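# Tertiary structure, described
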Amino acid sequence: MDFTQTHFELFGLPQSYALDRDQLDAAYRELQNTVHPDRFAAQPDAEQRVAMQWATQVNEAYQTLKHPVSRGVYLLKLQGIDALDASNTKMAPAFLMQQMEWREAIDEARAGSSTAALDALTDDLRAVHRRIEAHLAEQIDTAHDYAVACEAVRQLRFMDKLIAEVGDVYEELER
């Protein structure tokens, strides 16, 4: 195995944001079966260490490609771009306004102990998340507009945090 391969090459997948999750999962299982350290338990220490390194790389690559934000960050990194550069905080004004509205909706649902409001908000947030993912795929895979893709990655990261926050409110209301 070649430690210089990209995550996509490792799994035999095309280098694109849009990927077939079933293919990724199947390639991951196959590689894990091949490089799992238990298969090398009877081998010399050096071979066991290499197997452990491979298993670690396979796991890290899988986690990166499996998650939409991490996959976007990784693809942009392959282009020499740090999508999460702290000095780049550019965000569309409409998205910033929408953020404030979502946060208010979370606060209102929390204050009113309304799981129905949280359900509706969750549906809305997931729909927006899917739209941003589709937009990100378009920008990276087709338009090659990496500046716009960086903003989409930051938006997706925000959406993930907001969806997690809604999950926390559900937990609060269940107590």
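In this text the structure is predicted, and so the values were computed from the model without any measurement.

### Some remarks on unusual backbone geometry
Positioned with a positive phi, S113 is a non-glycine residue whose angle comes to about 50°. Structurally, S113 is set in the loop between α5 (93–111) and α6 (115–143).

### Observations regarding the pattern of salt bridges
This model, assessed by the stated rule, comprises 4 salt bridges. For D25, the salt bridge identified is with R21, shortest N-O distance 3.3 Å. With D25 and R21 both in helix α2 (residues 21–35) and 4 residues apart, the pair spans about one turn of that helix. Residue D25 is classed as buried on the basis of its relative accessible area, which comes to 16%.

### Here we look at the environment of Q139
Structurally, Q139 can be placed in helix α6. Ignoring sequence-local partners within four residues, the contact set of Q139 consists of H144, D145, V148 and A149.

### Things to note about the packing of helix α4 (residues 68–78) against helix α7 (residues 146–174)
At a closest axis distance of 9 Å, the pairing of α4 and α7 adopts a crossing angle of 155°. In terms of axis orientation, α4 runs roughly antiparallel to α7. The crossing of α4 and α7 is left-handed. Of the residues in α7, those in contact with P68, V69, G72, V73 and L76 of α4 are Y146, A149, C150, V153, L156, R157 and D160. Here the contact of α4 with α7 is built from residues that sort into 9 nonpolar, 1 polar and 2 charged.

Rules and cut-offs
Residues numbered from 1 in each chain as written. Predicted model: local features only at pLDDT ≥ 70, side-chain atom pairs only at ≥ 80, totals over all residues. Heavy atoms only, no water. Helix = DSSP H or I, 4+ residues; strand = E, 2+ residues; numbered from the N terminus. Salt bridge = Lys/Arg side-chain N within 4 Å of Asp/Glu carboxyl O. Buried < 20%, exposed > 50% of the residue type's maximum accessible area, 1.4 Å probe, protein only. Contact = heavy atoms within 4.5 Å. Axes fitted to C-alpha atoms, helices over the stretch in contact; angles between N-to-C directions. Parallel < 35°, antiparallel > 145°, perpendicular 65-115°, else oblique. Left-handed = near helix turned anticlockwise from the far one by under 90°. Nonpolar A, V, L, I, M, F, W, Y, C, P; charged D, E, K, R; others polar.

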